[in-house]
Amino acid sequence: MLEIQNLVLRFGGITALEGVSFTVADDEICGLIGPNGAGKTSLFNCVTRVYLPTEGTITYDGQDLLALRRHQVVQKGIARTFQNLALFPSLTVLENTMVGAHSRSTPGLLACALSWPTTHRVRRELESEAWYVLEELGLADLAHSPAHGHPFGTLKRVELARALMSRPSLMLLDEPAGGLTHAEVHELSELILRMRSTFGFSALLVEHHMGMVMGTCDHVVAMDFGRTIADGTPREVQQSPAVIDAYLGRTA
């Protein structure tokens, strides 16, 4: 579904990505690992058009993503969660979830201003769909409470619910286990696998928690200093000398 070829990203004299190539297949969870500064989030930002790469191609379901505007990426079925939470604290959990559907079914400005019947119908449909998503993620009891004040692990699930509301076929998960306890990481791994089965999406997962990566992903790509250093099954990547060097180093 997602094909990245020879991707290069430079900021002046700094090269963030240098010739990165890999694919994410249909119905696959692909892990993207590497030390801090390896270029993982920069790659996410290229896929979602926050950055325009210097060289290379990114195609999704046969379409050139680099030819799209930023707001059109989610309309093509690509949703994203963030390393740092990007929720609206004053909105309720239900309202934050409904925001995820903005790209596909929001009435126009005139319809909202005049409060046309179609506006109310669309809102009722979105609320019903959001309730279903929240129930699947175990968040329905919190639907009418403000987003702020909840535990970090709960807010991570709210962000996942918002992403699911766009009905993605590809989910970009940027360090979803960051800041979670060991028990919460295990629950999140099971939740991602269950959500893939329920909602039917592929995923590109950036994560430092190796237990989660190796237990959740079908395919793993390892990066270091903006380059791809390994690409294969979790076991193959885990045993790669280049990956061991990048994470642990060698004795002098």
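Owing to the predicted nature of the structure, the values given are computational and were not obtained by experimental measurement.

Cut-offs applied
Residues numbered from 1 in each chain as written. Predicted model: local features only at pLDDT ≥ 70, side-chain atom pairs only at ≥ 80, totals over all residues. Heavy atoms only, no water. Pairing = 2+ DSSP bridges. Helix = DSSP H or I, 4+ residues; strand = E, 2+ residues; numbered from the N terminus. Axes fitted to C-alpha atoms, helices over the stretch in contact; angles between N-to-C directions. Domains from an automatic or database assignment. Contact = heavy atoms within 4.5 Å. Buried area = accessible area lost by both parts, 1.4 Å probe. Salt bridge = Lys/Arg side-chain N within 4 Å of Asp/Glu carboxyl O. Polar contact = N/O pair within 3.5 Å; in protein donor to acceptor, adjacent residues only side chain to side chain. Core = buried A, V, L, I, M, F, W, Y, C linked by side-chain atoms within 4.5 Å. Buried < 20%, exposed > 50% of the residue type's maximum accessible area, 1.4 Å probe, protein only. Disulfide = S-S within 2.5 Å.

(A) Quick look at the sheet that holds strand β3 (residues 29-33). Ordered in space as β6-β7-β8-β3-β9-β10, the six strands form an open sheet in which the pairing is mixed. Each edge of the sheet is formed by a strand with only one pairing partner; in this case those strands are β6 (78-81) and β10 (227-232). In this sheet, adjacent strand axes meet at a mean angle of 15 degrees when their direction is disregarded. Looking at chain direction, β3 and strand β9 (residues 219-224) are connected through four bridges and run parallel.

(B) Highlighting the pairing of β10. Taken together, the five bridges between β9 and β10 define a ladder with antiparallel strand orientation. Considered in β10, the bridge of V220 is made with G232. Between the antiparallel neighbours β9 and β10 lie two residues, among them F225 with a positive phi of about 50 degrees.

(C) Looking closely at the domain arrangement of the protein chain. Along its sequence, the protein chain is carved into domain 1 (1-77 + 169-252) and domain 2 (90-167). If you average the C-alpha positions of domain 1 and of domain 2, the two centres end up 27 Å apart. Each partner contributes residues to the interface: domain 1 has 17 residues there, and domain 2 has 14 residues. Both sides of the domain 1 and domain 2 interface together cover about 1,200 Å² of buried area, and 71% of this is carbon and sulfur. Applying the counting criterion to the domain 1 and domain 2 interface returns one salt bridge. Close ionic contact of E136 with R194 constitutes a salt bridge, the shortest N to O distance being 3.8 Å. Where domain 1 touches domain 2, the interface holds two residue pairs in polar contact (both at pLDDT 80 or more). Counting residues per element, the ones that place at least two in the side of domain 1 that touches domain 2 are β7 (170-174) and α8 (182-199). With six residues, the single largest contributor to the side of domain 1 that touches domain 2 is α8.

(D) Quick peek at the nonpolar core. The biggest cluster of nonpolar side chains holds 43 residues, and the ones touching the most others in it are L137, L164 and M171. By residue number, the principal contributor to this core is helix α7 (residues 152-164), which donates six residues. Viewed by domain, this core spans two of them, domain 1 (1-77 + 169-252) and domain 2 (90-167), each represented by three or more residues. Core analysis: the next-biggest nonpolar cluster, separate from the first, contains 29 residues, A38, L66, V73 and L204 among them.

(E) Structural detail: the state of the cysteines. By the definition in use, this model includes zero disulfides. Free of any disulfide, C46 has its nearest cysteine sulfur in C30, 16 Å distant. Residue C46 is classed as buried on the basis of its relative accessible area of 0%. Considering cysteine sulfurs only, C30 is the nearest to C217, which forms no disulfide, with 7.0 Å between them. A residue is classified by how much of its surface remains accessible, and C217, at 7% relative accessible area, is buried.

(F) Quick look at the sheet that holds strand β5 (residues 63-64). Across the sheet, which stays open at both edges, the four strands sit in the order β2-β1-β4-β5 with antiparallel pairing between neighbours. Of all the strands in the sheet, the pair left with one neighbour each is β2 (14-24) and β5. In this structure, strand β1 (residues 2-11) lies alongside strand β4 (residues 55-60), joined through five bridges in antiparallel fashion. Looking across to β4, one finds that I4 is bridged to I58.

(G) Examining the environment of L91 more closely. Structurally, L91 can be placed in the loop between β6 and α3 (93-99). On the basis of relative accessible area, L91 is assigned to the partly exposed category, the value being 27%. Taking the C-alpha atoms as reference points, L91 and H148, separated by 57 residues in sequence, lie 8.4 Å from one another. Excluding its chain neighbours within four sequence positions, the residues that come into contact with L91 are N96, V99, S145, P146 and A147.

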